[in-house]
Amino acid sequence: MRPLRNHRMALTDYKGKRNFKITPEPQGSGNHRRAPQLSFVVQKHRASHLHYDFRLEWNGALLSWAIPKGPSLDPSIKRLAMAVEDHPLDYGGFEGIIPEGQYGGGTVMVWDRGTWQSENPDVDTCLKKGELKFVLHGSKLKGSWVLVRTKGAQKSARSAWLLMKHKDRYASLQDITSSKARSVLSRRSMAGIAAAYGGDVAKAAESDSE
Ligand code: MN
């Protein structure tokens, strides 16, 4: 029996059988990096009101939605997700305190983080159409989801979308925002983050039980 061959060997065979001056077939990139992984992050943010900032890496920035109630694993529940301004990529690692009086002043937790994949590679068209289906590979959020823009909202900057879980093996009636309330970065609670960074611990503690 022939031994199992790895992908590099297989590609060498592929290339050896073809004259790329003649055939229009792809030559292969020559390196074997996987497709770039796009990150996502969900930040629990106790500003004037508690919400969860849901962010998907796209085109070198983080597309962002503010979800007042946070994501739900129950496919029968639609969660309002207000589109907000894109954020820089490195914002996805931010956990701490935004000073009172500043925009969004309050406590920020990295509630979940991971990678995401769009079902349709043409993400820009999906966003324009107002329906983006994707898979999350996070610590808490996994499986298939969809963001759908509500009718009437059209293309305004702060359009209203709905975030929904699709039925799959990660769908659940578990109340994930309360059963897995702690930071995936630090394991801290909101009060713990406020205490660590000199924020308003009492205000942050309220959001630990909301
Ligand atoms: Mn926010």
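Note that the coordinates shown come from a computational prediction; the quantities given were computed from them, not determined experimentally.

Peer 1: Explain the overall build of the protein to me, using residue names and the numbers behind them.
Peer 2: A tally of helices and strands in the protein yields five helices and nine strands. In the protein, the order of α-helices and β-strands from amino to carboxyl end is α-β-β-β-β-β-β-α-β-β-β-α-α-α. Residues classed as buried in the protein amount to 40% of the 210 residues present. Taking all contacts inside the protein whose residues are at least 6 apart in sequence as the whole, residues at least 24 apart take part in 51%.

Peer 1: Explain the pairing of strand 7 (residues 131-138) residue by residue, including any values.
Peer 2: Side chains Leu132, Phe134, Leu136 and Gly138 of strand 7 all project onto a buried face; the interleaved residues Glu131, Lys133, Val135 and His137 project onto a face where none is buried. If you look at the hairpin formed by strand 7 and strand 8 (residues 142-149), you'll find three residues sitting between the two strands.

Peer 1: Quick rundown of the nonpolar core? Include the residues and the values.
Peer 2: Core analysis: the largest hydrophobic core is formed by 32 residues, its most contacted members being Phe54, Trp65 and Trp116. Looking at which element gives the most residues to this core, the answer is strand 2 (residues 50-58), with four residues. Beyond its immediate stretch of four places on either side in the chain, Phe54 contacts Val41, Val42, Leu63, Ser64, Trp65, Ile67, Phe134, Leu136, Leu141 and Leu147.

Peer 1: Could you give an account of helix 5 (residues 201-208), with specific residues and numbers?
Peer 2: Within an α-helix, residues lying three or four positions from one another point in the same direction, as the helix has 3.6 residues per turn. Of all the positions in helix 5, only Lys203, Ala204 and Ser207 are classed as buried. Within helix 5, the buried residues cover an arc of 95 degrees as seen down the axis, which keeps them to one side. Where the residues of helix 5 are buried, they touch strand 1 (38-46), strand 2, strand 6 (106-118) and helix 4 (190-196).

Peer 1: Tell me about the packing of aromatic side chains, and name the residues and values.
Peer 2: One pass over the full model with this rule turns up seven aromatic pairs. Three or more aromatic residues joined by ring pairs make a cluster, and in this case those are Phe40, Phe54, Trp65, Trp116, Phe134 and Trp161.

Peer 1: Tell me about the coordination of the manganese ion, and please be specific about residues and values.
Peer 2: With distances of 2.1 to 2.3 Å, the protein atoms coordinating the manganese ion are His45 (ND1), His51 (NE2) and Asp53 (OD). Given a relative accessible area of 16%, His51 falls into the buried group.

Peer 1: So what's going on with the confidence of the model for the protein? Residues and values would help.
Peer 2: On average, residues of the protein score 89 in pLDDT, and 88% of them are at 70 or above. Within the model, pLDDT remains below 50 along residues 1-8, and this stretch shows three contacts once partners closer than five positions in the same chain are excluded.

Peer 1: Could you give an account of the environment of Arg113, with specific residues and numbers?
Peer 2: One can find Arg113 in strand 6. Look at Arg113 and you get partly exposed, because its relative accessible area is 38%. Each C-alpha atom of the pair Arg113 and Gly93 lies 8.9 Å from the other, and the pair is 20 residues apart in sequence. When near neighbours in sequence (up to four residues on either side) are disregarded, Arg113 contacts Phe40, Val41, Gly92, Gly93, His137, Gly138, Ser139, Val184 and Leu185.

Peer 1: Can you explain a positive patch on the surface? Please cite residues and give values.
Peer 2: On the surface, a cluster of positive charge is contributed by Lys142, Lys180, Arg182 and Arg187. With respect to the element layout, Lys180 can be found in the loop between helix 3 (176-179) and helix 4. What makes Lys180 partly exposed here is its relative accessible area of 38%.

Peer 1: Before we move on, can you summarise the pairing of strand 4 (residues 79-88) with the specific residues and values?
Peer 2: Where strand 3 (residues 61-67) meets strand 4, five bridges bridge the pair, whose relative direction is antiparallel. Each residue of the ladder has a partner; that of Ser64, found in strand 4, is Val84. The sheet contact formed by strand 4 and strand 9 (residues 160-165) spans four bridges and is antiparallel. Note that in strand 9 the partner of Met82 across the bridge is Ala160.

Rules used throughout
- Position numbers for residues count from 1 along each chain, tracking the sequence in the order it is written.
- pLDDT decides what is reported in this predicted model: residues at 70 or higher carry local features, side-chain atom pairs at 80 or more are listed and counted, and totals for whole chains, interfaces and linings draw on all residues regardless.
- In computing side-chain values, all of the structure's heavy atoms are included and hydrogens and water are not.
- A run of DSSP states H or I qualifies as a helix once it reaches four residues; a run of E qualifies as a strand once it reaches two. Both are numbered from the N-terminal end.
- Summary of the burial criterion: residues with accessible area below 20% of their type's maximum are buried, those above 50% are exposed, and those between are partly exposed, where the area comes from a 1.4 Å probe applied to protein chains only.
- Residue contacts are defined here by distance: any two heavy atoms, one from each residue, within 4.5 Å place the two residues in contact.
- Two strands pair under a simple rule: DSSP has to find at least two bridges between them.
- Nonpolar cores are built from buried Ala, Val, Leu, Ile, Met, Phe, Trp, Tyr and Cys residues. Side-chain atoms within 4.5 Å join them into one set.
- An arc is given here, and it is the one of the directions from the helix axis to the C-beta atoms.
- The aromatic pairing rule takes the rings of Phe, Tyr and Trp, using the six-membered ring of Trp, and pairs them if the centres are within 6.5 Å, calling planes under 30 degrees apart stacked, those over 60 edge-to-face and the rest tilted.
- Each metal's donors are the N, O and S atoms found within 2.8 Å of it, except that Na, K and Ca use a 3.2 Å limit; water is left out, so coordination can look incomplete.
- Residue-level confidence of the predictor is summarised by pLDDT, bounded by 0 at the bottom and 100 at the top.
- Exposure above 30% relative accessible area and the lack of any salt bridge qualify a residue for a patch; like charges then connect within 9 Å, and the nonpolar side chains Val, Leu, Ile, Met, Phe, Trp and Tyr within 5 Å.
- Note that accessible areas follow from Shrake-Rupley with a 1.4 Å probe, and for residues the cover is restricted to the protein chains shown.
- A pair is scored as a salt bridge if a Lys or Arg side-chain nitrogen falls within 4 Å of a carboxyl oxygen belonging to Asp or Glu.
- Charged residues are defined here as Lys and Arg on the positive side and Asp and Glu on the negative side; His and the ends of the chain fall outside this count.
- In plain terms, the charge of a residue is placed at NZ if it is Lys, CZ if Arg, CG if Asp and CD if Glu.

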